[in-house]
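Overview (structure and organization)
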Amino acid sequence: MTIGYIMLGAGDPAKAKAFYEPLLSQLGFKINPTYSNDTRTWFAPASGPMLVVGKPHDGAASFGNGTMIALLAPSREIVDKVHADALKAGAKDEGAPGLRGDTFYGAYFRDLDGNKIAMFKIG
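Quick summary incoming for the structure in this document. (Residues numbered from 1 in each chain as written. Predicted model: local features only at pLDDT ≥ 70, side-chain atom pairs only at ≥ 80, totals over all residues. Heavy atoms only, no water.)

Relative to the assigned elements, P13 resides in helix 1 (residues 13-25). Using a relative accessible area of 13% as the deciding quantity, one classes P13 as buried. Not counting residues within four places of it along the chain, the set of residues in contact with P13 comprises D38, T39 and K55. (Helix = DSSP H or I, 4+ residues; strand = E, 2+ residues; numbered from the N terminus. Buried < 20%, exposed > 50% of the residue type's maximum accessible area, 1.4 Å probe, protein only. Contact = heavy atoms within 4.5 Å.)

If you want it as structure tokens, here you go:
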């Protein structure tokens, strides 16, 4: 089985696009114009699952308790930068960048709609 995409609900799709585009571009994601529209933005990496941010089909966006999306960063410096940029753009800090264990380097934040995002680098 392969995961094709993961979706995060957003109350304001335009604000969500403006929030995520500069963060995800640091991880190699680009907007996929084939699928994106006014209500949803599809971000595609060079390989692997896409990340969709937008209005849910059936109503208001909400975040799940215990749900978290973890995105692999190419370096610890990118973990630091994405976390800092997210906070500057209005995200809520859920864990500053740092080592958790011997080799897992991560940082956590909640986006504008409360979705929990982890950025990490192993090694």
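Okay, back to it.
In this model, the largest pocket occupies a volume close to 180 Å³. Those elements that provide at least two residues to the lining of the largest pocket are strand 4 (50-54) and strand 5 (68-72). For the lining of the largest pocket, the element with the most residues is strand 5, which contributes four residues. Residues that form the lining of the largest pocket fall into these classes: 11 nonpolar, two polar and no charged. (1 Å grid on protein atoms, 1.4 Å probe; cavity = no way out; pocket = protein on both sides within 12 Å on 5 of 7 lines; lining within 4 Å. Points joined across faces, edges and corners; volume = space filled by probe spheres on them. Nonpolar A, V, L, I, M, F, W, Y, C, P; charged D, E, K, R; others polar.)

Spatially, 5-8-7-6 is the arrangement adopted by the four strands of the open sheet, whose pairing is mixed. Looking along the sheet, the strands with just one partner apiece sit at the ends: strand 5 and strand 6 (92-100). Within this sheet the neighbouring strands show an average axis-to-axis angle of 15°, counted without direction. Both strand 5 and strand 8 (residues 116-122) contribute to a ladder of five bridges, which runs parallel. Of the residues in strand 8, the one forming a bridge with I69 is I117. (Pairing = 2+ DSSP bridges. Axes fitted to C-alpha atoms, helices over the stretch in contact; angles between N-to-C directions.)

Turning to the pattern of salt bridges, a few remarks are in order. One pass over the full model with this rule turns up three salt bridges. Among the ionic pairs, D85 bridges to K81, the shortest N-O distance being 2.8 Å. Of this pair, D85 and K81 are both found in helix 2 (residues 76-88), four residues apart, which corresponds to roughly one turn of the helix. A salt bridge links R110 to E94, with the shortest nitrogen-to-oxygen separation between them at 3.4 Å. Within this pair, whereas R110 is found in strand 7 (residues 104-110), its partner E94 is found in strand 6, the two being separated by 16 residues in sequence. (Salt bridge = Lys/Arg side-chain N within 4 Å of Asp/Glu carboxyl O.)

If you walk through the whole model with that rule in mind, you get five aromatic pairs. A centroid spacing of 5.1 Å and a plane angle of 45° characterise the contact between Y35 and W42, whose relative ring orientation is tilted. An aromatic cluster is present here, built from Y5, Y35 and W42 joined pairwise through their rings. (Phe/Tyr/Trp six-rings, centres within 6.5 Å; stacked < 30°, edge-to-face > 60°.)

A few words now on the sheet that holds strand 2 (residues 30-31). Pairing between the strands of a sheet comes from backbone hydrogen bonds, and it takes one of two forms, parallel or antiparallel. Taken together, four strands build an open sheet; the order of strands is 1-4-3-2 and the sheet is mixed. Lying at the two open borders of the sheet, with one neighbouring strand each, are strand 1 (5-9) and strand 2. One ladder, built from four bridges, connects strand 3 (residues 40-44) with strand 4; its direction is antiparallel. Bridged to W42 within strand 4 is V52. Sheet strands touched by helix 1: strand 1, strand 2, strand 3 and strand 4. Its angle to strand 3, the strand with the most contacts, is close to 5°.

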